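# Topology and contacts: notes
Chain by chain, the residues:
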Amino acid sequence: MAIQVRPAARFEDVKTMVGPKRPDATVCWCLSYRIPSKQNLALRGPERGEIVKELVRQDPPPGVLAYDGGEVVGWAAVHPRADTSFARNRKIPHLDDLDVWSVWCIRVRPGHRGKGISHHLLKGAVEFARSHGAPAIEGYPVDNQGSHVDLTMAYVGTRSLFERAGFTMAAPTDSVLSGFPRVLMRRDLR
């Protein structure tokens, strides 16, 4: 398996990773942290995909995709924190005034899990942020201390995943997901 991670510049591949099975379904599309809450709650069905299509056309695009050969197998949302709801989130602290980037969603397709693809995605997210001049990158994973994390809530990653990617625990947060505390993990890119 030769996993390649590339910028999320193909809408159809992003759709494969975060879009719904039914076009009229109202699912996340990885927008909940990317756009204002009121807008996120108001969007229905195909409207969500249209927003993502616009984001994919922007520079930088909204994340990175992992490919196994020509098949898309993973997604990581990564963007400047200033362009996300983390810029205003009261439960996730700001450590300083650096223009950090945030990585907030890591997703691997069923049938490809357990093969280390999330590690490739996180490494790719770091390189993507670095290539766009980010001075640091943050993630807000759960600190599950080895306990099982429900698959639907595993998208934020785990503290150990981020530690293996060179991030360090920078601060606790007031956020809890699936019963686990979330921590602020940071990696300096300067």
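Residues numbered from 1 in each chain as written. Predicted model: local features only at pLDDT ≥ 70, side-chain atom pairs only at ≥ 80, totals over all residues. Heavy atoms only, no water.

## Quick look at the sheet that holds strand β4 (residues 101-108)
Taken in spatial order, the 7 strands of this open sheet run β1-β2-β3-β4-β5-β7-β6, and their pairing is mixed. Two strands lie at the open edges of the sheet, namely β1 (3-7) and β6 (168-177), each paired on one side alone. Across the sheet, the axes of successive neighbouring strands diverge by a mean angle of 25 degrees, strand direction being ignored. Pairing geometry for strand β2 (residues 63-68) and strand β3 (residues 71-80), over 6 bridges, is antiparallel. In the sheet register, valine 64 faces β3, and the bridge partner there is alanine 76. Sheet contacts for helix α4 (residues 117-131): β1, β2, β3, β4, β5 (136-139) and β7 (180-188); angle to β4, the most-contacted strand, approximately 150 degrees. (Pairing = 2+ DSSP bridges. Helix = DSSP H or I, 4+ residues; strand = E, 2+ residues; numbered from the N terminus. Axes fitted to C-alpha atoms, helices over the stretch in contact; angles between N-to-C directions. Contact = heavy atoms within 4.5 Å.)

## Concerning the environment of valine 72
By the element assignment, valine 72 lies in strand β3. Classification of valine 72 as buried rests on a relative accessible area of 5%. Sequence spacing of valine 72 and leucine 161 is 89 residues, and the spatial spacing of their C-alpha atoms is 21 Å. With near-sequence residues (within four places) excluded, valine 72 lies in contact with Asp13, Thr16, Met17, Leu65, Ala66, Tyr67 and Arg109. (Buried < 20%, exposed > 50% of the residue type's maximum accessible area, 1.4 Å probe, protein only.)

## Topic: unusual backbone geometry
The step from aspartate 59 to proline 60 runs through a cis peptide bond, and the omega angle for that step is 5 degrees. Here proline 60 shows up in the loop between α3 (46-57) and β2. Residues other than glycine seldom take positive phi values, yet cysteine 30 does so here, at roughly 60 degrees. Summarising the element assignment, cysteine 30 is placed in the loop between α1 (11-18) and α2 (37-42). On the basis of relative accessibility, which here comes to 9%, the residue cysteine 30 falls in the buried class.

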